[in-house]
Amino acid sequence: DAKTTQPTSMDCAEGRAANLPCNHSTISGNEYVYWYRQIHSQGPQYIIHGLKNNETNEMASLIITEDRKSSTLILPHATLRDTAVYYCIVRAPYSGGGADGLTFGKGTHLIIQP
Amino acid sequence: DGGITQSPKYLFRKEGQNVTLSCEQNLNHDAMYWYRQDPGQGLRLIYYSQIVNDFQKGDIAEGYSVSREKKESFPLTVTSAQKNPTAFYLCASSMNREGGNEQFFGPGTRLTVL
């Protein structure tokens, strides 16, 4: 799986959009981009994933550049409860040959300021 | 209420004792995973299982053992051979379907070896 690079920490004001960047310049053509977050002392929570197109769900939007070498997770209206560590993960799709685990880096610690 | 349960939330053991961590899921997921997390670090994969009666070593399997006798259960035993067992242990599960598939995590078990 390709390696990802994320800033160590970011601040965002409550009510504003939080934009979390991720670089994955060595991503392969069939690898997905996944985002998870982990609130302190809890299990990680799946947020969103995508392959080529931008994706949106009730939690966030995922913008993937055309060359797929970077992506941005957008939390449209950040709240204090969004304070967490956010992990960007690149992973090959399951193809019937085996489902190995996710590779977690250190992620970005997003702090929402009141 | 569907999900993944891990018990207990906190566990204390004396050095040299084996200890088994429980993980149960009622999501009808095929694959299950065990991760370890140390303070300030990302998750590292210990073991994973795609189907019943089959499991594979992850990146840090030494000192650990697992079994997968039922689809919904994937217990992890931390043996006395594990040099630094104190950590936060997370269990996850996912469907094995073509393409992208997200993993869902349990709340974790914090193991402290005294």
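Heads up: these notes are all about the structure in this document. (Residues numbered from 1 in each chain as written. Chains lettered and ligands numbered in written order. Predicted model: local features only at pLDDT ≥ 70, side-chain atom pairs only at ≥ 80, totals over all residues. Heavy atoms only, no water.)

In this section: the interface of chain A and chain B. Buried accessible area, meaning the area lost when the parts come together, often serves as the stated size of an interface. The interface of chain A with chain B comprises 24 residues on the first partner and 26 residues on the second. Our count for the contact surface shared by chain A and chain B stands at zero salt bridges. Taken together, chain A and chain B are joined by five residue pairs in polar contact (both at pLDDT 80 or more). Elements supplying a minimum of two residues to the side of chain A that touches chain B: β3 (32–38), β4 (45–50) and β8 (84–91) of chain A. Counted by class, the side of chain A that touches chain B contains 11 nonpolar, 10 polar and three charged residues. (Contact = heavy atoms within 4.5 Å. Salt bridge = Lys/Arg side-chain N within 4 Å of Asp/Glu carboxyl O. Polar contact = N/O pair within 3.5 Å; in protein donor to acceptor, adjacent residues only side chain to side chain. Helix = DSSP H or I, 4+ residues; strand = E, 2+ residues; numbered from the N terminus. Nonpolar A, V, L, I, M, F, W, Y, C, P; charged D, E, K, R; others polar.)

The tally for this structure, following the rule as stated, stands at 12 aromatic pairs over all chains. Taking the centre distance of 6.0 Å and the plane angle of 80° together, the rings of phenylalanine 104 of chain A and tyrosine 35 of chain B count as edge-to-face. With phenylalanine 104 of chain A in the loop between β8 and β9 (108–113) and tyrosine 35 of chain B in strand β4 (residues 31–37), this pair bridges two chains. Here tyrosine 33 of chain B and tyrosine 48 of chain B contribute two aromatic rings whose centre-to-centre distance is 6.4 Å and whose plane-to-plane angle is 25°, an arrangement assigned as stacked. (Phe/Tyr/Trp six-rings, centres within 6.5 Å; stacked < 30°, edge-to-face > 60°.)

Residue and element names in this part refer to chain B. Applying the stated rule across the entire model yields four salt bridges over all chains. Across the pair lysine 71 and aspartate 30 runs a salt bridge whose closest N-O atoms are separated by 3.5 Å. Here the residue lysine 71 occupies a position in the loop between β7 (64–66) and β8 (76–78), and aspartate 30 occupies one in the loop between β3 (19–25) and β4, the gap between them amounting to 41 residues. Residue aspartate 30 is classed as partly exposed on the basis of its relative accessible area of 22%. (Buried < 20%, exposed > 50% of the residue type's maximum accessible area, 1.4 Å probe, protein only.)

Residues and elements named next belong to chain A. Mapped onto the elements, serine 25 comes out in the loop between β2 (18–23) and β3. Under the relative-accessibility criterion, serine 25 is labelled exposed at 51%. Put simply, serine 25 and tryptophan 35 are 10 residues apart on the chain and 16 Å apart in space, counted from C-alpha to C-alpha.

Most peptide bonds take the trans form, and the phi angle of most residues other than glycine is negative. Between serine 7 of chain B and the following residue, proline 8 of chain B, the backbone shows a cis peptide bond with an omega angle of -10°. With respect to the helices and strands, proline 8 of chain B occurs in the loop between β1 (4–7) and β2 (10–13). Unlike most non-glycine residues, arginine 68 of chain A shows phi in positive territory, near 65°. Within the chain, asparagine 28 of chain B stands out as a residue other than glycine whose phi angle is a positive 60°. The residue asparagine 28 of chain B is located in the loop between β3 and β4 in this model. Judged by relative accessible area, which is 53%, asparagine 28 of chain B ranks as exposed.

Counted under the stated rule, the structure contains two disulfides over all chains. A sulfur-sulfur separation of 1.8 Å characterises the disulfide bridge that pairs cysteine 23 of chain B with cysteine 91 of chain B. As the torsion about the S-S bond is roughly -75°, the cysteine 23 of chain B-cysteine 91 of chain B disulfide counts as left-handed. On the criterion of sequence distance, the pair formed by cysteine 23 of chain B in strand β3 and cysteine 91 of chain B in strand β9 (residues 87–94) is long-range, its members being 68 residues apart. On the basis of relative accessibility, which here comes to 0%, the residue cysteine 91 of chain B falls in the buried class. Not engaged in a disulfide, the cysteine cysteine 12 of chain A finds its nearest cysteine sulfur in cysteine 22 of chain A; these two sulfurs lie 18 Å apart. Cysteine 12 of chain A sits in the buried class, given a relative accessible area of 10%. (Disulfide = S-S within 2.5 Å.)

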